[in-house]
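# A structural walkthrough
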Amino acid sequence: MFISKSVAETVAYGGRRAGFLHAGDVLALAGDLGTGKTQFVKGLVAGLGSDDEVTSPTFTLIHEYTSGRLPIYHLDFYRLNHRDELRQLGLEDYFNGEGVCVIEWADRFPEILPARAEWFSFETRSESERAIFLGDER
Ligand SMILES: Nc1ncnc2c1ncn2[C@@H]1O[C@H](COP(=O)(O)OP(=O)(O)O)[C@@H](O)[C@H]1O
Ligand SMILES: [Mg+2]
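In what follows, the accompanying structure is described.

Criteria and thresholds
- Within each chain, residue numbers correspond to sequence positions counted from 1 in written order.
- Chains and ligands are labelled by the order in which they are written, letters from A for the one and numbers from 1 for the other.
- Where local features are concerned, this predicted model is filtered to residues with pLDDT of at least 70; where side-chain atom pairs are given and counted, the filter is 80 or more; whole-chain, interface and lining totals use all residues.
- Excluding hydrogens and water, the side-chain values take into account all heavy atoms of the structure.
- Helix and strand definitions follow DSSP, with helices as H or I runs of at least four residues and strands as E runs of at least two, each counted in order from the N terminus.
- Taken over C-alpha atoms, the radius of gyration is set against a globule rule of 2.2 Å times the number of residues to the power 0.38.
- Contacts are assigned to residue pairs with any non-hydrogen atoms lying within 4.5 Å of each other.
- We get accessible surface area from the Shrake-Rupley algorithm with a probe of 1.4 Å; when it comes to residues, only the shown protein chains can shield them.
- Only four residue types enter the tally: Lys and Arg on the positive side, Asp and Glu on the negative side, with His and both chain ends excluded.
- Each charge is placed at NZ for Lys, CZ for Arg, CG for Asp and CD for Glu.
- What makes a residue near a molecule or strand is one non-hydrogen atom of that residue sitting within 4 Å of it.
- Contacts described as polar in this section are N or O atom pairs within 3.5 Å, which, within protein, must combine one atom able to donate a hydrogen with one able to accept it, while residues neighboring in sequence count only if both atoms come from side chains.
- Each residue is assigned to one of three groups, with Ala, Val, Leu, Ile, Met, Phe, Trp, Tyr, Cys and Pro labelled nonpolar, Asp, Glu, Lys and Arg labelled charged, and all others, Gly among them, labelled polar.
- In this description, a donor is an N, O or S atom within 2.8 Å of the metal centre, a cutoff extended to 3.2 Å for sodium, potassium and calcium. Water is not part of the atom list, which can make sites seem incomplete.
- A strand pair is defined by DSSP finding two or more bridges across the two strands.
- Note on method: axes are straight lines fitted to C-alpha atoms, helices fitted across the in-contact stretch only, with angles between N-to-C directions ranging 0 to 180 degrees.

### Remarks on the overall build of the chain
Helices and strands together make up the secondary structure of the chain, namely three helices and seven strands. Relative to its length of 138 residues, the chain is compact, with a C-alpha radius of gyration of 14 Å against a globular reference of 14 Å. Overall, the chain is about 40 × 30 × 25 Å in size when its C-alpha atoms are taken along their principal axes. A separation threshold of at least 6 residues defines the contact pool for the chain, and within that pool the share at least 24 residues apart is 61%. For the chain, the accessible surface area stands at approximately 7,100 Å², while carbon and sulfur atoms represent 49% of it. Taken together, the 14 basic and 22 acidic charged side chains of the chain have centroids lying 4 Å from each other.

### Here we look at the site of ligand 1
Near ligand 1 there are 17 residues, and of these Thr10, Gly34, Lys37, Thr38 and Ser128 occur at the shortest range. At a separation of 3.1 Å, an oxygen atom of ligand 1 approaches a polar backbone atom of Gly36. Separating a nitrogen atom of ligand 1 from a backbone N or O atom of Ser128 is a distance of 3.0 Å. Those elements that provide at least two residues to the shell around ligand 1 are helix 1 (7-18) and helix 2 (37-47). At three residues, helix 2 tops the list of elements feeding residues into the shell around ligand 1. Looking at the shell around ligand 1, its residues break down into two nonpolar, nine polar and six charged.

### Observations concerning the coordination of the magnesium ion (ligand 2)
Octahedral six-donor coordination of a metal ideally yields angles of 90 or 180 degrees, compared with 109.5 degrees for tetrahedral four-donor coordination. Bound to the magnesium ion (ligand 2) on the protein side are Thr38 (OG1), Ser56 (OG) and Glu104 (OE), at distances that span 2.2 to 2.4 Å. We note that the donor set of the magnesium ion (ligand 2) lies within a single chain, spaced as T-x17-S-x47-E. One end of the pair, Thr38, is in helix 2; the other, Glu104, is in strand 5 (residues 100-104), and 66 residues separate them in sequence.

### Topic: the sheet that holds strand 6 (residues 118-124)
The strand order across the open sheet formed by seven strands is 1-7-6-2-5-4-3, and the pairing between neighbours is mixed. With one partner strand each, in any of the chains shown, strand 1 (2-4) and strand 3 (62-65) form the two edges of the open sheet. When the angles between neighbouring strand axes are averaged without regard to direction, this sheet yields 20 degrees. Strand direction decides the pairing type here: strand 6 and strand 7 (residues 130-134), joined by five bridges, are antiparallel. Its bridge partner being in strand 7, Phe122 is matched across the sheet by Ile132. Each of strand 1, strand 6 and strand 7 is contacted by helix 1, which is oriented at about 140 degrees to strand 1, the strand it contacts most. In the packing of helix 2 onto the sheet, the strands contacted are strand 2 (26-30), strand 3, strand 4 (72-76), strand 5 and strand 6, and the crossing angle to strand 2 comes to about 155 degrees.

Take a look at the structure:
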């Protein structure tokens, strides 16, 4: 578990994780609104050396950040009602692509994800504190 005491610490944590990313990795993010998932993705993207702007792809389902060491495919299942809505997106191509998939609200459709997905669960502890659990740590 990692305890973050500020937005900057969450971004920095994402930045450190970026050093361990490889093509084909799938990061599944779980946790309520405002727990820091998007801030974490900002850290990942910056840590890959990209200055692309990161925002939750809530309505578009996917944002691609391609200016870093590896492409990041940033998905968000928050507004997804049925997995069929992903069909035209060609999700498998992203999972098996040259980049890293990072999925907010992945716990809404866990059965869609490949078994190799690494889970990160975000929790609000106080106004400025967030807990981030890895895998089945909790
Ligand atoms: N330690 C922290 N880490 C990340 N965000 C924090 C932290 N403390 C407060 N916040 C606030 O929580 C919100 C997190 O937003 P965001 O990353 O978009 O959440 P999510 O994507 O999980 O909905 C931001 O408004 C941020 O300012
Ligand atoms: Mg978000």
